[in-house]
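Residue-level structural notes
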Amino acid sequence: MKINSNVLIIGAGLLAGLLVGVLVIRSKVLRPSEPPERIRDTSQASRGAEPPRVRGAVDAPVTLEEFADFQCPPCARFYPELKKIEAEYGTRLRVVFRHYPLEMHEHADEAAQAAEAAGAQGRFWEMHDKLYERQDEWSKASDASSIFTKYAQELGLDLARFNKDMESIEVAERIRLDRERGESIEIDGTPSLFINGREIASSARTPEGIRATIDAALKAK
């Protein structure tokens, strides 16, 4: 009887193992595999605002194009890292900023208008930096426009012109064209980053991954 019991136990264990194996194989067959990540490129994108907002050498071999929202917290967290990258690569890298304000952010459109109104007086990047550095201040305010006017004053801008440009057709059109460029390639979040026209994969959107992608683009040149 003892021998028969052992045989039964061993047999039951083997049967259980076989059933588990069948279930695992079956689950792998029935479970749909994860679709591969779509890597976008800008070769078929609409043009966006012209001339674009560019920082860096015109003839730089590598261009980083960013679609961003000034009220987007991940964009603000990426901003200081991008500044470091710009400083490291110097004349080998130029950065293009594209407006892509998201509907979920109450002041995103107005912040984009403030940046473009400053840009009309040659101070786009100064306002760009200020908007990210002080995002916590204006993004939570009930009246962001007065804060943007304060930033314009700090930058030494003509305030009457700044406030007029904030509401201008020209400023609205630049933002619309940038958003249209993003929509034409189905941008689905911010920041979205492209190196020489090709999107950086989500797995590479780290400081190290971005630098590696830039280095690879430099080698390809």
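Reference entry: report on the structure contained in this document. Note that this is a predicted model, so its numbers are computed, not measured. (Residues numbered from 1 in each chain as written. Predicted model: local features only at pLDDT ≥ 70, side-chain atom pairs only at ≥ 80, totals over all residues. Heavy atoms only, no water.)

**Some details on the packing of helix α3 (residues 108-119) against helix α8 (residues 169-184)**
Viewed as axis vectors pointing N to C, α3 and α8 meet at an angle of 115 degrees, and their least axial separation amounts to 9 Å. Here α3 and α8 pass one another in a crossing that is right-handed. Taken together, the residues of α8 that come into contact with α3 (itself represented by Asp109, Ala112, Gln113, Glu116 and Ala117) are Val171, Arg174, Ile175 and Arg179. Its residues assigned to classes, the contact of α3 with α8 shows 4 nonpolar, 1 polar and 4 charged. (Axes fitted to C-alpha atoms, helices over the stretch in contact; angles between N-to-C directions. Helix = DSSP H or I, 4+ residues; strand = E, 2+ residues; numbered from the N terminus. Left-handed = near helix turned anticlockwise from the far one by under 90°. Contact = heavy atoms within 4.5 Å. Nonpolar A, V, L, I, M, F, W, Y, C, P; charged D, E, K, R; others polar.)

**Overview of helix α4 (residues 124-133)**
The buried count for α4 comes to 8 of 10 residues, which makes it a mostly enclosed element. Looking at α4, one finds that the buried residues are Phe124, Trp125, Met127, His128, Asp129, Lys130, Leu131 and Tyr132. (Buried < 20%, exposed > 50% of the residue type's maximum accessible area, 1.4 Å probe, protein only.)

**Considerations on unusual backbone geometry**
Glycine aside, residues mostly have negative phi, and peptide bonds are mostly found in the trans state. With an omega of -10 degrees, the peptide bond running from Glu50 to Pro51 counts as cis. Here Pro51 shows up in the loop between α1 (2-30) and β1 (53-56). Non-glycine residue Glu186 carries a positive phi angle of around 60 degrees. Assignment of secondary structure puts Glu186 in the loop between α8 and β4 (192-195). With a phi close to 50 degrees, Asn196 is a non-glycine residue in the positive phi region. One can find Asn196 in the loop between β4 and β5 (198-199).

**So, the nonpolar core**
Met127, Leu131, Phe148, Phe162 and Ile214 are the most contacted members of the largest nonpolar core, which totals 44 residues. No other element matches helix α2 (residues 73-89), which puts 7 residues into this core. Excluding residues within four positions of it along the chain, Met127 makes contact with Ala114, Ala115, Ala118, Phe148, Tyr151, Ala152, Leu155 and Phe162. Membership of the second largest hydrophobic core comes to 7 residues, among which are Ala45, Phe67, Leu102 and Ile187. (Core = buried A, V, L, I, M, F, W, Y, C linked by side-chain atoms within 4.5 Å.)

**Examining the packing of aromatic side chains**
Tallied over the full model, the rule gives 9 aromatic pairs. Their ring planes at 70 degrees and their centres at 5.6 Å tell us that Phe67 and Phe194 sit as a pair that is edge-to-face. Here the residue Phe67 occupies a position in strand β2 (residues 62-68), and Phe194 occupies one in strand β4, the gap between them amounting to 127 residues. In terms of burial, Phe67 and Phe194 fall into one category: buried. Note on Phe148 and Tyr151: the rings are 6.4 Å apart at their centroids and 55 degrees apart in plane angle, and the pair reads as tilted. Of this pair, Phe148 and Tyr151 both sit in helix α6 (residues 144-154), 3 residues apart, roughly one helical turn. Of the residues examined, Phe148 reaches a relative accessible area of 0% and is grouped as buried. Looking at Tyr151, the relative accessible area reads 0%, which means it is buried. (Phe/Tyr/Trp six-rings, centres within 6.5 Å; stacked < 30°, edge-to-face > 60°.)

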